[in-house]
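# Coordinates in review
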Amino acid sequence: MEAIRRELCDFIEDHDIKYSQIAKELRVDKSSMTKFKKDGTIGFRALVVMAHLLFPKDPDSKISSWCIQLDDTSKEMVKQAFEYAAITRNTKLLEHLINEHKGKSHLKSYVSMYRTILNYMDMKISIKEMIQEMNEFKASKDKELHILAGIYKCYGNYSLGEYFLVISEAMEIGRSINKMNDKRELFIKECYIHRFAEMIAPTYLKLNNLKGAAHYANIILQANISPKLKADATYLLGMTKLLHNPDESIKYFEKSYSLMRLTGVDYLINDSYNNLVMAKAYQYRSDTQKLSKYLETLEEVVYLEEGDSFYECLKIYEKGGVDNLLEGHRKFLYKSNFFISALIASDLLSTGIHPYLLETLSSYKHNKKEMFYFEEDFIECFSDRSDFFSSRTA
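In this report, the structure presented in the accompanying data block is examined. (Residues numbered from 1 in each chain as written. Predicted model: local features only at pLDDT ≥ 70, side-chain atom pairs only at ≥ 80, totals over all residues. Heavy atoms only, no water.)

## Structural notes on empty space enclosed by the protein
Empty space among the atoms becomes apparent when a probe as large as a water molecule is rolled across them. Scanning the model with the defined rule gives one cavity of 30 Å³ or more in all. Around the largest cavity, the lining residues are Glu-76, Gln-80, Glu-144, Arg-184, Glu-185 and Ile-188. Split into classes, the residues belonging to the lining of the largest cavity amount to one nonpolar, one polar and four charged. (1 Å grid on protein atoms, 1.4 Å probe; cavity = no way out; pocket = protein on both sides within 12 Å on 5 of 7 lines; lining within 4 Å. Points joined across faces, edges and corners; volume = space filled by probe spheres on them. Nonpolar A, V, L, I, M, F, W, Y, C, P; charged D, E, K, R; others polar.)

## A look at helix H6 (residues 75-87)
In this model, H6 (13 residues) spans 18 Å end to end at C-alpha, consistent with the 18 Å of a helix rising 1.5 Å per residue. In terms of burial, H6 is a largely internal element, eleven of the 13 residues being buried. Every buried residue belonging to H6 is among Met-77, Val-78, Lys-79, Gln-80, Ala-81, Phe-82, Glu-83, Tyr-84, Ala-85, Ala-86 and Ile-87, and all of these are buried. Taken from the residues just after H6, Arg-89 is the one with a positive phi, measuring 60°. (Helix = DSSP H or I, 4+ residues; strand = E, 2+ residues; numbered from the N terminus. Expected span 1.5 Å × (residues − 1). Buried < 20%, exposed > 50% of the residue type's maximum accessible area, 1.4 Å probe, protein only.)

## Observations concerning the state of the cysteines
Following the criterion strictly, the structure yields zero disulfides and no others. Considering cysteine sulfurs only, Cys-191 is the nearest to Cys-381, which forms no disulfide, with 5.8 Å between them. (Disulfide = S-S within 2.5 Å.)

## Observations concerning helix H13 (residues 210-223)
A rise of 1.5 Å per residue sets the reference length of H13, with its 14 residues, at 20 Å; its end C-alpha atoms lie 20 Å apart and thus fit the reference within 8%. By the burial criterion, the buried members of H13 are Gly-212, Ala-213, Ala-214, His-215, Tyr-216, Ala-217, Ile-219, Ile-220 and Ala-223. Looking at the residues trailing H13, positive phi occurs at Asn-224, about 70°.

## Points about the packing of helix H11 (residues 163-178) against helix H12 (residues 186-206)
Between H11 and H12, whose axes approach to 10 Å, the crossing angle comes to 155°. In terms of orientation, H11 and H12 fall into the roughly antiparallel class. Along this stretch, H11 crosses H12, giving a crossing that reads as left-handed. Residue-level contacts link Tyr-163, Val-166, Ile-167, Ala-170, Ile-173, Gly-174, Ile-177 and Asn-178 of H11 to Lys-189, Tyr-192, Ile-193, Phe-196, Met-199, Ile-200, Thr-203, Tyr-204 and Lys-206 of H12. Looking at side-chain class alone, the contact of H11 with H12 contains twelve nonpolar, three polar and two charged residues. (Axes fitted to C-alpha atoms, helices over the stretch in contact; angles between N-to-C directions. Parallel < 35°, antiparallel > 145°, perpendicular 65-115°, else oblique. Left-handed = near helix turned anticlockwise from the far one by under 90°. Contact = heavy atoms within 4.5 Å.)

## Points about unusual backbone geometry
The backbone phi angle of Asp-16 is positive, close to 55°, even though this residue is not glycine. Mapped onto the elements, Asp-16 comes out in the loop between helix H1 (2-14) and helix H2 (19-26). Backbone geometry at Asn-224 places phi at a positive 70°, although glycine is not the residue there. As for its position among the elements, Asn-224 is in the loop between H13 and helix H14 (227-240). A relative accessible area of 23% means that Asn-224 is categorised as partly exposed.

## A closer look at the packing of aromatic side chains
In total, this model carries 19 aromatic pairs according to the counting rule given. Both rings, one in Phe-196 and one in Phe-374, keep their centres 5.6 Å apart while their planes meet at 80°; by these two values the pair is edge-to-face. Residue Phe-196 is located in helix H12, and its partner Phe-374 is located in the loop between helix H21 (355-362) and helix H22 (388-391); the two are separated by 178 residues in the primary sequence. Among the residues examined, Phe-374 registers a relative accessible area of 3% and is labelled buried. For the pair Tyr-235 and Phe-253, a centre-to-centre distance of 5.7 Å together with 75° between the ring planes defines the contact as edge-to-face. Placement of the pair is Tyr-235 in helix H14 and Phe-253 in helix H15 (residues 246-261), with a sequence separation of 18 residues. (Phe/Tyr/Trp six-rings, centres within 6.5 Å; stacked < 30°, edge-to-face > 60°.)

## Here we look at the pattern of salt bridges
According to the stated counting rule, one finds 23 salt bridges in the structure shown. Glu-312 is paired through a salt bridge with Lys-335; the nearest N and O atoms lie 3.8 Å apart. In this pair, Glu-312 is assigned in helix H18 (residues 309-319) and Lys-335 in the loop between helix H19 (322-334) and helix H20 (338-345), connecting sequence segments 23 residues apart. Each of Glu-2, Arg-5 and Arg-6 takes part in a single network of salt bridges with overlapping partners. (Salt bridge = Lys/Arg side-chain N within 4 Å of Asp/Glu carboxyl O.)

## Some details on the nonpolar core
One finds Ile-22, Phe-44, Leu-54, Tyr-114, Ile-177 and Phe-382 to be the most contacted residues of the largest nonpolar core, which totals 125 residues. Top element by residues in this core is H12. It accounts for twelve residues. For Tyr-114, the residues in contact, after removing those within four places along its chain, are Lys-79, Phe-82, Glu-83, Ala-86, Leu-94, Ile-98 and Leu-148. (Core = buried A, V, L, I, M, F, W, Y, C linked by side-chain atoms within 4.5 Å.)

Take a look at the structure:
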């Protein structure tokens, strides 16, 4: 920590920044900064905030370099470094931390957990293998490991199409996160809220709970962790507007594509481009020729899990005919994809189906009370603070 303390203090003093201004941004009293200046005492979350505050052009690189310098005698700091690397999808940093701290008894369970997470991110283990390993971690008496294992089980169950199982398990997870301390455990709590949102937003969309999907997508968007995650959240918001506000929906898809291009990852960019094309194609679902022309422009993307349900939906429209629409509705309803089944049902009115039956077909959704455990703006540690230098007073 001494090297980190010296680097930060030198930077603050070289740029004539007052420690009181830093304290204000960190929401701590001046004595905390005095102690940091003296002996380097500081929490991991404060380091994350200061990186965004003082090094706004590339805070992630700065935080990563500090994670590598952390003293392993501080279990809490290293645990939070693991979580930072995992939630930002920085697999190189995560692998380095695992190798650096393996064999240290006080970090053994966390090294094992994050090794499983890394293997899953690198696709070295299957979904079912990941769930099996998380079942073992879920039995841990460590509260944080228990919650994180539950979240990853839900990730897996979502990928397997077990949406109601995700909802049932999410209730306990959300309550457990909500009980975490807003001071001592704040960084981990913010990360787990983000993970909860990543888990529940697409699940709510599948179950046609558009209000719930939008709420948790906004949590991801406002958290500002990475362009990729913000692009995913913006995509979800576009889907929630697809049927009832198509113009606004297209704007969200365009924004999602713009954000995803910042990642520089070709397959993610192609996937996002396809989402935009399909959203535009959906507007011409009643014109099979125009619909087909849009679908011909799709980039080739390998879908690692199940086939893309929205693409399957558009192919049904391309075939045309009441029988195909009804069969498509039945197929997605059987898969508990109530959102796609409702999209199809909304177009059956013109086919002569009785309005009462149509209402029945399109009303499937998850009707239980939404799990709005967290405010949309709760996560603040990753917030953009690039205006700090221009706005601070002498």
